[in-house]
Every structure is written in C-alpha cells, then in structure tokens.
Amino acid sequence: MFPAPATPPREPPSHFKNWLSLAGAIIALGSLFAFVFLVAIDTFAHNRNPYLGILTYIVAPAFLVLGLALIISGWWVQHRQAAQPPEGGEPRALTIDLSRPRDRHYLLLFGSGAVVFLLMTAFGSYQTYHFTESVEFCGETCHGVMKPEFTTYHHSAHARVSCAECHIGSGASWYVKSKISGAYQVYATTFNKYERPIKTPIKNLRPAQETCERCHWPEKFTGNLDRTYMHYLSDKKNTPYTVRLSLRVGGGQPGEGFFGGIHWHMNVANRVEYYATDPQRQTIPWIRITSAASGEVRIYRTKDFQGEPPAGASRVMDCIDCHNRPAHAYQTANQAVEVDMALGKISTMLPYIKQTAVQALTKDYAGMDQAFEGIAAVLRHKYQTADEVAPAIAAVQRIYQENFFPAMKADWRTYPNNIGHKDWPGCFRCHDDKHRTVDGNVAVRSSDCTACHTILAQGRGEELARLAPQGMEFKHPGGDLDPDLLCSDCHNGGLQGK
Ligand code: HEC
Ligand code: HEC
Ligand code: HEC
Ligand code: HEC
Ligand code: HEC
Ligand code: HEC
C-alpha cells in the first residue's frame, strides 16, 4: 500500500496519492478491461453487431478518458494544495496508515467498491452485448422510431428471424459499414434527427446473397403456387369477388426442375440489371439481361430513354427487388378490411361496410388516439346502434393500429410492395410492353396475362367451385380493362379511382 513516509530524507510526496486519482485509476482500469473484453467478443463473435461497436469503441473509451481525467484532476488539486500549504504547513498528501482504524475502514470500503465495479463492468459488458443482438433492442429500444417495422415484423413469415440476420449478417466489411450507420442511428434517435418516414430503399442493406440466401437456396425449384385473393366490391351489398391463381414461380436453375417462370430472374442462369430514375426504384427505363451460359446480352429501353445509364447507377436485380417487404408488409386499407370481412370480424351485413371502413381508415389523423376516435365516429354515424357496429369498430381500430403509424408517417402509401401489380406498379415496372430492344421488335413479355399466372377460378359462390385447369380470361369487376392503364393507376389500396 502506501506506507507512511519514513522520516528524513524526505521525498516530495507524489501528487497522485489522493482519493480522486485513485478512483480515476479504478475507473480507467475497469474500462480498459471492458474494452479488451469487448474487442475480444467483437472479434470472435459469430454475428457481428454495430451496436456492440458503439459500446466498444465509443462508450468504453469514454470511460477510460473519464478515469484518466479524474487521475489528472486529483493530481492537479494535490499540486495546487502543495503549492499553497495550508495553515498547518504540511501539504496533505494521501497517506494510508493501516494501523489507523479509520484508514483500514476506508481502504476496505474502497477496495470492495473497486472489486464490485470491475465485476459489474465485466458482467454488464457481456449482458449489453447480448442485449444489442436481440430483437427487443432493435425493435423496442428506439421505440417510437422502429414501431412500424417492429409491428409489421411480428405479423410476417419472418417473425422468428432476428432483425440482425437480415439487416446486418456477418462479414467484416459490412460490419464496418453497419457500425458507421449504427452510430449515426443512435445519434439520430437521441437527438430526434431521424427522418419520418424512414427512407427506403435502405442504401446500405446487405445484398440478398449474404442475407436471404443464407436460408433460402436460390436454385430451389418452387413450381406453381396456388393463391386465392378475396375481395369485396364497394357496393351496397359488399358483393364478394374472389380470384384463384396458379402462380408460375418456377425456378432459376436449369436441371433443378422446369427452368423459367417468375424465379427466372434469380441471377443463377441469368443476370438482370436495371436502372431506376427515382430513389424508390419505381421508374425503370433501362434493363439489361446477360445469359450466364452464352454471355449473350440484350438491352431493353423505354421510348423516352435512349443511351446508357450513368456509370455505377444500375443495379443487379436480386430477391429484394421483388420481395422488398418480407418482414414489413404494410397492408393496404382495402386488403386489411377485406381480410377481416372474410374472417367475419367485420360483418358483411352492414350495407356499404367495405367502402365505409376504407374511408374511415384513409382519413388524415394526427395520432393513434385521434384515429381511434375518428373511426368510431364514422362508423357510429353511419350505422347508429346496429348490433354489428361495436365489433366492426374494434376490428377497424385494430387494423389501424397494426398498419398505420401516423407518428412515423408510415403506411402502405409510403412503402410500395413490389411483389405483384395490382396496387403498386411492381412487376409492371418492367413488364408493361413499353420496354423494347433497339430494333423495337422484342418487348419484355407482359400484356399476356398468362405469362406469370393462370386464373383457375373467379367470381363468387358456385363459380369458385368450377376450376379451369387451362386457365380463364380475367373478368374485371370494374368493367373492361384499358390496355394503356396500369392496374395501379386506378387501384391505390384505398378507394378506386382516387
Ligand atoms: C427477413 C428479413 C428481415 C427481417 C427479419 C427484418 N427486416 Fe427490416 N427490412 C428488410 C427489408 C428487405 C427491408 C426493405 C429494404 C428496402 O426497401 O430497401 C427492410 C426495411 C426496414 C426498415 C426501413 C423502413 C421500412 O419500413 O421499410 C427498418 C427501419 C427496418 N427494416 C427495421 C427492422 C427491425 C427493427 C427488425 C426487427 C424487429 C427488422 N427490420 C427485421 C428485411 C428484414
Ligand atoms: C434466418 C433464416 C431466414 C432468412 C435470413 C430469410 N428467411 Fe425467408 N423464410 C425463412 C423461413 C424459415 C420461412 C418459412 C416461414 C413459414 O413458412 O412460416 C421463410 C419464408 C419466406 C418467404 C415465404 C413467405 C410467405 O409469406 O409465405 C419468402 C418470400 C421469403 N422467406 C423471402 C425472404 C427474403 C427476401 C429474405 C431476405 C431479405 C429472407 N427471406 C431471409 C427463413 C429466412
Ligand atoms: C421477379 C421477382 C422475384 C424475384 C427476383 C424473386 N422472387 Fe421469390 N417469389 C416471387 C413471386 C411473385 C412469388 C410468389 C409468391 C408471392 O406472390 O408471394 C415468389 C415466391 C417465393 C417464395 C415462396 C415459395 C413458397 O414455396 O411459398 C420464396 C421462399 C421466395 N420467393 C424466395 C426468393 C428468394 C430467396 C429470392 C432471391 C434469391 C427470390 N425469391 C427472388 C417473385 C420473385
Ligand atoms: C427490372 C425489371 C423487371 C422486373 C421488376 C420484373 N421483371 Fe420479369 N423479366 C424481366 C426481363 C428483362 C425478362 C426477360 C424477358 C425476355 O426474355 O424476353 C423477364 C422475364 C420474366 C418472365 C419470363 C421468364 C421465362 O420463363 O422466360 C416471367 C414469368 C417474369 N419475368 C415475371 C415477373 C414477375 C412476376 C415480376 C414481379 C414480381 C417481374 N417479372 C418483375 C424484367 C423484370
Ligand atoms: C409479369 C408477371 C405478371 C403478368 C404479366 C401479369 N400478372 Fe397478374 N399477378 C402477378 C403476380 C406476381 C401476382 C401475385 C401478387 C401477390 O402475390 O400479391 C399477380 C396477381 C394478380 C391478380 C390478383 C391480385 C389481387 O389482389 O386480387 C389478378 C387479378 C391479376 N394478377 C390479373 C392479371 C391480369 C388481368 C394480367 C394481364 C393484364 C396480369 N395479371 C398479368 C404477375 C403478373
Ligand atoms: C380504370 C381504372 C381501373 C383499372 C385500370 C383497373 N381497375 Fe380493377 N377495379 C376498378 C374499379 C372501379 C373496381 C370496382 C371497385 C369496387 O367496387 O370496389 C375494380 C375492381 C377490381 C377488383 C375487385 C375489387 C377490389 O377492390 O380489389 C380486382 C381484383 C381488380 N379490380 C383487379 C384489377 C387488375 C388486376 C387490374 C390490372 C390488370 C385492374 N383491376 C385495373 C378500376 C380499375
């Protein structure tokens, strides 16, 4: 310890011998230990994590600096006191004399405090490491910010896949990138600087090869998928209209099954590149496909875009260009109401309920509470005290709660879903007959409604029991289709035509 200095020859007492410097030394030691420990976890951990990086490279060093600052201020105070000796004449350097009970007491207290501090640093760092990996951390810590993503995620097929598995994954270079953006996100959240809504597409999202394809094998042959879409018209009787499709998903690998179909764009036997002129990648004037086997290249352009895209501006198509909402699908007002009608949560006995519920959902509300009141008011006004009203109000409010996030300005209107073509351009961004090769002869297949699916049945009741394996022509409930319009020109997820 620090034995009382023997009588002459006296050395000038060290200015570091004081409680403040000692406490500083312990904090510095603790954070140095935490730093080394975290660097070790960081290096050997299976899944690297940007928030751990913040802890390791920002928080731990901050404490180290604090410790060092305390050591120096202790020294400085001591130095000042030595320069101006108090009345008694002797500078009051820290002396610990174990024969003095008071000193023994202090030392015991200080020593056990230091041990507890060091233990807690180790335990705390380890726990924090685990916490930053968890879904709660990503989804709940930045509560308001991530609420839309957290809520929709819990209703997705990927509710058991952690956020980090899609958003971070493993690998050194992405780790550094996500660490930088992670640090920015913490800053943005703390100082309320984030964008509302959060902008997509996320620029530094890892390529699908390193996230989706760790679980999904792109060569897998899927074949045909049988899907049923239930709708209700916005007339008085809420007339049901259902369409049952056989989707030709197919596969992207010759030899693994019949080659072709929707998963033809899988980047296995072909490479598809495109150039989008808007940040949301909704307007695509240029496409290039390269065959892996023959190296043959074909370029498609729209009429008003000639030439080539600027260097580095094109993108290789991957899973996320179609499946851009695998974990955060915001249902359209239409879809959500139709599902609840089909499930009987909203009674189809209420005249015009489809239209009324969609109208109630698509009004502008300042916040969740106002929306709840507004929805109740619209339905009460229309149906007064009908028995079916109370459950319908509850169902519509729940739809709002799970798909609309006024605080973050997030709902289906902010985040297009590219998987189909009814409510967003989706596949028709390219498959619209307007993309042609230079000679103008070959278009990306499109107007042919059977290129991607065949309609097995459509209509209601009896009609749905009659399957047509050869497929049937689409009977559009909204009248004859205009070949110059995209479905999404009228269908916008709310009420048609607006
Ligand atoms: C199955 C993979 C997957 C999982 C799991 C996942 N995400 Fe996403 N996330 C995506 C994709 C893909 C996008 C859309 C990227 C784009 O459009 O550029 C996205 C977008 C986002 C966005 C941008 C805003 C938006 O709504 O599009 C945020 C924020 C986000 N995710 C947070 C989370 C959080 C928090 C979790 C965990 C609770 C999570 N994600 C889990 C794949 C995933
Ligand atoms: C950690 C593993 C994992 C990762 C990473 C992952 N998925 Fe999945 N995915 C699954 C599992 C498991 C299922 C099946 C869930 C089920 O059927 O309930 C699934 C289902 C799907 C489905 C069918 C969903 C449906 O609604 O029926 C699609 C499409 C899909 N994933 C796309 C993606 C895309 C795109 C990504 C990358 C952004 C991705 N997955 C990343 C494990 C994963
Ligand atoms: C050209 C657009 C497109 C691309 C690119 C694409 N998919 Fe799909 N995929 C679809 C469509 C359309 C379906 C049909 C199901 C649907 O509508 O949700 C589908 C279905 C699926 C399913 C569900 C299969 C089942 O049995 O339920 C999975 C899983 C899947 N895709 C994974 C992937 C993965 C992984 C990638 C990237 C390697 C990918 N897809 C690339 C359009 C695409
Ligand atoms: C970035 C542009 C782009 C997008 C978006 C896109 N495709 Fe394609 N697709 C192409 C091109 C280019 C071809 C090749 C056309 C050809 O060979 O003539 C193609 C071919 C196809 C084929 C024919 C494959 C075969 O068997 O030869 C199908 C089916 C298909 N796409 C379905 C879809 C579906 C479904 C979606 C939406 C989920 C979609 N595509 C989105 C560009 C796109
Ligand atoms: C490029 C491929 C492609 C072409 C061409 C195509 N579709 Fe589709 N269609 C899809 C996909 C993919 C879905 C499924 C979307 C989903 O899973 O949500 C779909 C879904 C649909 C649905 C059901 C949507 C719903 O919500 O009820 C109808 C109806 C439909 N298509 C009609 C047509 C008609 C009519 C044409 C011709 C004008 C056509 N499709 C051409 C890919 C295509
Ligand atoms: C000119 C505008 C317009 C275009 C373009 C259009 N629709 Fe419609 N569609 C309507 C109207 C209006 C209704 C009737 C809506 C109602 O009564 O609620 C309707 C009803 C529907 C319905 C049943 C009800 C619903 O709300 O989902 C489906 C499914 C549908 N259309 C699919 C399509 C598809 C697929 C395309 C593209 C191939 C398309 N429509 C193009 C106007 C349009």
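Residues numbered from 1 in each chain as written. Chains lettered and ligands numbered in written order. Predicted model: local features only at pLDDT ≥ 70, side-chain atom pairs only at ≥ 80, totals over all residues. Heavy atoms only, no water.

1. Examining the overall build of the protein chain
As a reminder, the rule being used: Per the convention used, a helix needs a DSSP run of H or I reaching at least four residues, while a strand needs a run of E reaching at least two, with both numbered from the N terminus. Think of it in three bands: residues with accessible area under 20% of the maximum for their type are buried, residues over 50% are exposed, and the middle band is partly exposed, with areas taken using a 1.4 Å probe on protein chains only. Contacts: residue pairs with any heavy atoms within 4.5 Å of one another. Note that accessible areas follow from Shrake-Rupley with a 1.4 Å probe, and for residues the cover is restricted to the protein chains shown.
The helix and strand inventory of the protein chain stands at 14 helices and seven strands. Buried residues in the protein chain amount to 37% of all 498 residues. Sequence-distant contacts, at least 24 apart, represent 63% of the contacts inside the protein chain between residues at least 6 apart. Carbon together with sulfur atoms contributes 61% to the accessible area of the protein chain, which is approximately 28500 Å² in total.

2. Some words on the side chain of Q458
Our working rule: In the analysis that follows, any N or O atom pair within 3.5 Å is treated as a polar contact, provided that within protein one partner can donate a hydrogen and the other can accept it, and provided that, for residues neighboring in sequence, both atoms belong to side chains.
You can see Q458 is positioned in strand 7 (residues 453-459). Under the relative-accessibility criterion, Q458 is labelled buried at 3%. A polar side-chain atom of Q458 sits 2.6 Å from the main-chain carbonyl oxygen of E473. There is a polar contact of 3.0 Å between the side chain of Q458 and the backbone nitrogen of K475. Residues in contact with Q458, not counting those within four places in the same chain, are Y241, T242, V243, E463, L464, M472, E473, F474 and K475.

3. Concerning the site of ligand 2
Just so we agree on the cut-off: One heavy atom within 4 Å of a molecule or strand is enough for the residue carrying it to be called near that molecule or strand. Side-chain classes follow a simple rule in which Ala, Val, Leu, Ile, Met, Phe, Trp, Tyr, Cys and Pro form the nonpolar group, Asp, Glu, Lys and Arg form the charged group, and the remainder, Gly included, forms the polar group.
The environment of ligand 2 is made up of A157, H158, V161, E165, T211, C212, C215, H216, H323 and P326. Within the side chain of H158, a nitrogen or oxygen atom sits 2.7 Å from a nitrogen atom of ligand 2. The separation between a nitrogen atom of ligand 2 and a polar side-chain atom of H216 is 2.7 Å. For the shell around ligand 2, a count of residues per class yields five nonpolar, four polar and one charged.

4. A closer look at the coordination of the iron atom of ligand 4
Here is the rule: Distances decide who is a donor: an N, O or S atom must be within 2.8 Å of the metal, or within 3.2 Å for Na, K and Ca. Water is not included, so sites may look incomplete. Geometry is assigned from the angles between donors: four donors with all angles from 85 to 135 degrees make a tetrahedral site, four or six donors whose opposite pairs exceed 155 degrees while the rest stay between 65 and 115 make square planar or octahedral sites respectively, and everything else is labelled irregular.
Here the iron atom of ligand 4 is held by H265 (NE2) and H431 (NE2), and the distances to it run 1.9 to 2.0 Å. Given six donor atoms and angles of 87 to 180 degrees at the metal, the environment of the iron atom of ligand 4 is assigned as octahedral. Here H265 is found in the loop between strand 2 (240-250) and strand 3 (270-275), whereas its partner H431 is found in the loop between helix 13 (389-403) and strand 7, with 166 residues between them in sequence. We classify H265 as partly exposed; its relative accessible area is 22%.

5. Points about the site of ligand 1
Ligand 1 sits among 24 residues. The nearest are E149, C163, C166, H167 and H328. Within the side chain of H328, one N or O atom sits 2.9 Å away from a nitrogen atom of ligand 1. Interatomic distance of 3.0 Å between a side-chain N/O atom of Y330 and an oxygen atom of ligand 1. Take the shell around ligand 1: its biggest share by element is four residues, from helix 5 (residues 143-153).

6. Description of the packing of aromatic side chains
Threshold: Aromatic rings from Phe, Tyr and Trp, with only the six-membered ring used for Trp, were paired whenever their centres fell within 6.5 Å, and each pair was classed as stacked if the ring planes differed by under 30 degrees, edge-to-face if by over 60, and tilted otherwise.
Tallying each qualifying case throughout the model produces eight aromatic pairs. Each ring, one from Y400 and one from F404, has its centre 4.7 Å from the other, and the planes form 10 degrees; the classification is stacked. With a relative accessible area of 4%, Y400 lands in the buried category. Judged by relative accessible area, which is 1%, F404 ranks as buried. Three or more aromatic residues joined by ring pairs form one cluster here, namely Y365, Y400, F404 and W412.

7. Some points on a nonpolar patch on the surface
In plain terms, the rule: Patch rule: a residue counts if its relative accessible area is over 30% and it has no salt bridge; like charges are joined within 9 Å, and nonpolar side chains (Val, Leu, Ile, Met, Phe, Trp, Tyr) within 5 Å. Salt bridges are defined as contacts in which a side-chain nitrogen from Lys or Arg sits within 4 Å of a carboxyl oxygen from Asp or Glu.
A cluster of nonpolar side chains, Y57, I58, V59, F63 and L66, forms an exposed patch at the surface whose accessible area comes to about 440 Å². Take V59: it is sitting in helix 2 (residues 50-83).

8. Description of the side chain of R301
As for its placement among the helices and strands, R301 is situated in strand 5 (residues 297-301). Within the structure, R301 has its side chain in polar contact with the backbone oxygen of G307 (distance 2.7 Å). Residues contacting R301, with those up to four places away along its chain left out, are P285, W286, Q306, G307, E308, K434, H435, R436 and V438.

9. Overview of the sheet that holds strand 7
Our working rule: Strand pairing follows a simple DSSP-based rule, namely that at least 2 bridges must link the two strands. All axes are obtained by fitting lines to C-alpha atoms, using only the stretch in contact for helices, and the reported angles, taken between N-to-C directions, cover 0 to 180 degrees.
As summarised here, the arrangement of the three strands in space is 1-2-7, forming an open sheet in which the pairing is antiparallel. Sheet topology places strand 1 (223-232) and strand 7 at the edges, where each strand pairs with a single neighbour. Each strand axis lies, on average, 15 degrees off the axis of its neighbour in the sheet, ignoring direction. In this structure, strand 2 lies alongside strand 7, joined through six bridges in antiparallel fashion. Each bridged residue has a counterpart across the sheet, and for V243 the counterpart in strand 7 is Q458.

10. Focus on the coordination of the iron atom of ligand 5
Around the iron atom of ligand 5, the protein contributes the donor atoms H421 (NE2) and H453 (NE2), at 1.9 to 2.0 Å from the metal centre. One can describe the donor arrangement at the iron atom of ligand 5 as octahedral, given that its six donor atoms subtend angles of 86 to 179 degrees at the metal. Highlighted residues: H421 in the loop between helix 13 and strand 7 and H453 in strand 7, separated in sequence by 32 residues.

11. Thoughts on the sheet that holds strand 4 (residues 286-291)
Strand order in the open sheet formed by four strands is 5-4-3-6, and the pairing between neighbours is antiparallel. Both outer strands of the open sheet, strand 5 and strand 6 (315-316), are each paired with one neighbouring strand and no more. As defined by bridge partners, strand 3 adjoins strand 6 across two bridges and the pair is classed as antiparallel. Residue pairing across strands places E273 opposite V316, the latter belonging to strand 6.

12. Observations concerning unusual backbone geometry
Positive phi, normally seen in glycine, also occurs at Q384, with a value near 50 degrees. As for its placement among the helices and strands, Q384 is situated in the loop between helix 12 (368-383) and helix 13. Positive phi outside glycine occurs at D433, with the angle close to 70 degrees. The class for D433 is partly exposed, based on a relative accessible area of 29%.

13. Overview of helix 10 (residues 333-342)
Every α-helical turn comprises 3.6 residues, leaving residues that sit three or four positions apart pointing alike. With respect to burial, helix 10 is a largely interior element, seven of its ten residues being buried. The set of residues buried in helix 10 consists of A333, N334, A336, V337, E338, D340 and M341. In this structure, the buried residues of helix 10 make contact with strand 1, helix 11 (353-362) and helix 13. One or two steps after helix 10, the chain reaches G344, where phi turns positive at roughly 80 degrees.

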